[in-house]
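Observations on chain architecture
Here is how the chains run, residue by residue.
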Amino acid sequence: MDAIEKAIRNAFEKGNAEDRAFRERVYRSAFAALDRALQANPDVTVEVAIKRRKAIQAKITEIESEYLPAVPDVGPQGDAPAVELGADTAPPVETGQPVSSPAVVVDAPVQSASDAPRSRVLPIVPDIMPDAGLPDAPAIDMSAPASAGAATEVAPDRDERRIRGRRLPLTAIFLTVTLLAAVGIGLFFAVQTGVFKTQAQLDTAPPEAPPTVEGDDFTPAEGDTGPAKPGAADQSRDWINVFSPTDASHVSAPSDAKAEVMKDDTGSFLRIRSGASGSAISFDVGQGVLEKLAGKHAVFDIIARSEEGKETQISVDCNFGELGDCGRKRYAVGQQQNEYLFDVPFPNKHPGSAGTIAINSDFDKQGKAADIYEIRVSVEP
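In short, a report on the structure.

1. Some words on the packing of aromatic side chains
All chains considered together, the criterion is met by 11 aromatic pairs. Seen from their ring centres, Phe269 and Tyr373 are 5.4 Å apart, and the 50° between their planes marks the pair as tilted. Linking Phe269 in strand β7 (residues 267-273) with Tyr373 in strand β14 (residues 369-379), this pair joins segments that are 104 residues apart in sequence. Each ring, one from Tyr331 and one from Tyr340, has its centre 5.6 Å from the other, and the planes form 50°; the classification is tilted. Across the pair, Tyr340 and Tyr331 agree in class, each one buried. One aromatic cluster is present, built from ring pairs that chain together Phe12, Phe22, Tyr27 and Tyr67. Note that Arg23 overlies the ring of Tyr67, its terminal NZ or CZ placed 4.5 Å from the centroid. Here Arg305 stacks its cationic end above the ring of Phe269, 4.9 Å away from the centre of that ring.

Here is the structure:
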């Protein structure tokens, strides 16, 4: 008794083998076991799969014939009962794909003298798993041939898709070469356009002179000459006093800034120190002074120096009310007393109120001080 027949008959022992519905479920289970065995072995070829199905169909037909009712013989006995498999040719099956179990139809015609058919036809068995209530049929090992006539060798798979698969390396080589060519062209254009050059290599313009003032971009107007030697701006000018250390009542310092009148061998001066917030010290410019400057070109002169041993940068802002402002000025102040000049063209209108000049003693907010000796203004002749 081979493995298939033994498995089916063992399954019959777990139920009522005389019940045709029960036998059909056992046959379904056998086909399902064959499907699982074929799917688990992708090396099985189409030819071998077909032979194994035919083997199990033949075995089922043989077993089922035992349960056909006996019929009296009529006529010649020369014709033996014929057994027909309803699915002699299974549809082509690709290796590795699920295999559908063919339907089984068992015909056992017996011809009598009057040609009256005598047959027993079993229902078509669909390709489904066994019913949930059916005891599991013993597993059938489909890795070995199902019958003596089954092929024992696996024939080469002539699937065209596998043949085409051998050409994939050529496609990969083509794509790799194309990619390398694109990268090479990109690198060539990158070199030509100077992507890998430094900023210094790209800058082919003549070298520029280093700026003398950092921070705000400020170009002194004509006549705004910056620091000058003491007395150098006195020639042919009628100076109007704006601030003098002898009268510090017109000076305002915020809470975190300081302004203190001091004196040494250079004379009296006001030492100003801006706070950590960068607040400035304000010097009043009287309304009467502004009325004299309205409609004219004026030159302001700040005479100052830095605190001993600490050079600083001061910034200067102005607010002249209706007459406008002077923009922001920045000067590097050294330890020697110097004059720092800037000019302002005033519109010809009434000022309406007094103005201010605000000085920040340390633009870098490091707490450095500046000594202010005098602030004055004159009108261009």
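And the narrative resumes.
2. Points about the pattern of salt bridges
Counted under the stated rule, the structure contains 17 salt bridges. A salt bridge links Glu307 to Arg271, with the shortest nitrogen-to-oxygen separation between them at 4.0 Å. Residue Glu307 is found in the loop between β9 (297-306) and β10 (312-319), and its partner Arg271 is found in strand β7; the two are separated by 36 residues along the sequence. With relative accessibility at 18%, the residue Arg271 sits in the buried group. Salt bridges here are not isolated pairs; linked through shared partners, they connect Asp2, Glu5, Arg9, Lys59, Glu62 and Glu66.

3. Overview of the sheet that holds strand β5 (residues 251-252)
Taken in spatial order, the 5 strands line up as β5-β8-β13-β10-β11 in an open sheet, and their pairing is antiparallel. A single partner strand is all that each edge strand has here, and the edge strands are β5 and β11 (329-333). Relative to β11, β10 is paired through 5 bridges, and the arrangement is antiparallel. Paired with Ile314 across the bridge in β11 is Tyr331.

4. Some remarks on helix α2 (residues 20-40)
End to end, α2 covers 30 Å across 21 residues, agreeing with the expected 30 Å (1.5 Å per residue, within 8%). Extensive coverage of α2 is indicated by the burial of 15 of its 21 residues. Its side-chain oxygen at 3.2 Å from the backbone nitrogen of Ala21, Asp19 defines the N-terminal cap of α2.

5. Thoughts on the pairing of strand β13 (residues 355-360)
The buried fraction of β13 amounts to 5 of the 6 residues, a majority that puts the element mostly inside the structure. In the sheet, strand β8 (residues 281-285) pairs with β13 via 5 bridges, with the strands oriented antiparallel. Note on β13: the bridge partner recorded for Val285 is Gly355.

6. With respect to a nonpolar patch on the surface
A cluster of nonpolar side chains, namely Leu179, Val183, Leu187, Val191, Val195 and Phe196, defines an oily patch on the protein surface of about 610 Å² accessible area. For Val195, the location among the structural elements is in the loop between α5 (168-192) and α6 (199-202). Of the residues examined, Val195 reaches a relative accessible area of 55% and is grouped as exposed.

Calculation notes
- Residues numbered from 1 in each chain as written.
- Predicted model: local features only at pLDDT ≥ 70, side-chain atom pairs only at ≥ 80, totals over all residues.
- Heavy atoms only, no water.
- Phe/Tyr/Trp six-rings, centres within 6.5 Å; stacked < 30°, edge-to-face > 60°.
- Helix = DSSP H or I, 4+ residues; strand = E, 2+ residues; numbered from the N terminus.
- Buried < 20%, exposed > 50% of the residue type's maximum accessible area, 1.4 Å probe, protein only.
- Lys NZ or Arg CZ within 6 Å of the ring centre and 35° of its normal.
- Salt bridge = Lys/Arg side-chain N within 4 Å of Asp/Glu carboxyl O.
- Pairing = 2+ DSSP bridges.
- Expected span 1.5 Å × (residues − 1).
- Polar contact = N/O pair within 3.5 Å; in protein donor to acceptor, adjacent residues only side chain to side chain.
- Patch = residues over 30% accessible without salt bridge, like charges linked within 9 Å, V, L, I, M, F, W, Y side chains within 5 Å.
- Areas by Shrake-Rupley, 256 points an atom, 1.4 Å probe, with all protein chains shown as cover.

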